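Per-entry structural report
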Amino acid sequence: MEKRITELEARIEAKAEPYLEVIEQIDSIPGIERTSAVTIFAEVGPHVAEMFPSDAQFASWAGVCPGNNESAGKRRKSKTMQGNKHLKGALCQAAWANSRSSNRIGQFFRRIRKRRGDKKANVATAHLLIRILHALMREKRLYQEIDVSLGDETSKKNPLDRYVQYIQQLGYSVQLNPIQ
């Protein structure tokens, strides 16, 4: 069985060789390893930008777009869409791989998990990954991490502002000094 698996992997690598540049673009995204990159490429092909003009259409085809079941201002539960199950599986696996990383994708996962739970955060992160994937394949470049503060300070600042405002409404003045 091991021999057959090795032969099959060699055939896959031989078929994917003309598209190494695109596979490297996919592989540059954090959480996506080489075999996942080949799986994703096998499902979407080299011409994603021509087939899907927008990342929203691409996410919808893959089945990782957010649900929109709302009527009269009330949001109802909705299941994830049926899409390409192999692509969705590879993206969700990459989202789980990013759940503990310190990059912006991992921070996004943890921010959503606080409010919605693990599984919703996983699908939301897979949606983020497919949007990144569409942009990379459209622009034909590698993934680069954005050096932007993603709310580490604001997560402390927002509750602090609420507490200060509440204390001021009670009739007290407050002066805040950080502890050294």
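Scope of this entry: the structure provided in the associated data block. Here the structure is a predicted model, which is why all the values come from computation and not from measurement.

Any two side chains of opposite charge can pair if their charged atoms end up close together. Under the criterion given, the structure shown has six salt bridges. Note that Asp118 is salt-bridged to Arg113, the shortest N-O span being 3.8 Å. Residue classification places Asp118 among the partly exposed residues on the basis of a relative accessible area of 38%. Of the charged contacts, one joins Arg138 and Glu139 as a salt bridge, the two residues approaching to 3.4 Å between their closest N and O atoms. Linked through salt bridges whose partners overlap, the residues forming this network are Glu13, Glu24 and Arg34.

Moving on, we get to the nonpolar core. Membership of the largest hydrophobic core comes to 38 residues, with the highest contact counts inside it found for Ile26, Ile29, Ile40 and Ile130. Contributions of two or more residues to this core are made by helix 2 (20-27), helix 3 (34-44), helix 5 (55-62), helix 6 (85-97), helix 7 (104-116) and helix 8 (118-139). The element that contributes the greatest number of residues to this core is helix 8, accounting for nine residues.

Let's shift gears to the environment of Ala90. Tracing the sequence through the fold places Ala90 in helix 6. Put simply, Ala90 and Ser36 are 54 residues apart on the chain and 6.0 Å apart in space, counted from C-alpha to C-alpha. Non-local contacts of Ala90, meaning those with residues more than four positions away in its chain, are made with Thr39 and Ile40.

What follows deals with helix 8. The end-to-end C-alpha separation of helix 8 is 31 Å, in line with the 32 Å expected for 22 residues at 1.5 Å each. Trailing helix 8 by a residue or two, Lys140 shows a phi angle of about 55 degrees, which is positive.

Further remarks concern a nonpolar patch on the surface. A contiguous nonpolar surface patch, about 460 Å² in accessible area, is contributed by Tyr166, Ile167, Leu170 and Tyr172. Examined against the element boundaries, Ile167 turns out to sit in helix 9 (residues 154-169). A relative accessible area of 33% places Ile167 in the partly exposed class.

Quick look at helix 5 now. For helix 5, the complete set of buried residues consists of Phe58, Ala59 and Ala62. The buried residues of helix 5 occupy an angular sector of 95 degrees when the element is viewed end-on, so they sit on one face. Buried positions along helix 5 lie against helix 3, helix 4 (48-51), helix 6 and helix 8. Of the residues flanking the end of helix 5, it is Gly63, one or two places downstream, whose phi is positive at about 90 degrees.

What counts as what
Residues numbered from 1 in each chain as written. Predicted model: local features only at pLDDT ≥ 70, side-chain atom pairs only at ≥ 80, totals over all residues. Heavy atoms only, no water. Salt bridge = Lys/Arg side-chain N within 4 Å of Asp/Glu carboxyl O. Buried < 20%, exposed > 50% of the residue type's maximum accessible area, 1.4 Å probe, protein only. Core = buried A, V, L, I, M, F, W, Y, C linked by side-chain atoms within 4.5 Å. Helix = DSSP H or I, 4+ residues; strand = E, 2+ residues; numbered from the N terminus. Contact = heavy atoms within 4.5 Å. Expected span 1.5 Å × (residues − 1). Patch = residues over 30% accessible without salt bridge, like charges linked within 9 Å, V, L, I, M, F, W, Y side chains within 5 Å. Areas by Shrake-Rupley, 256 points an atom, 1.4 Å probe, with all protein chains shown as cover. Arc of directions from axis to C-beta.

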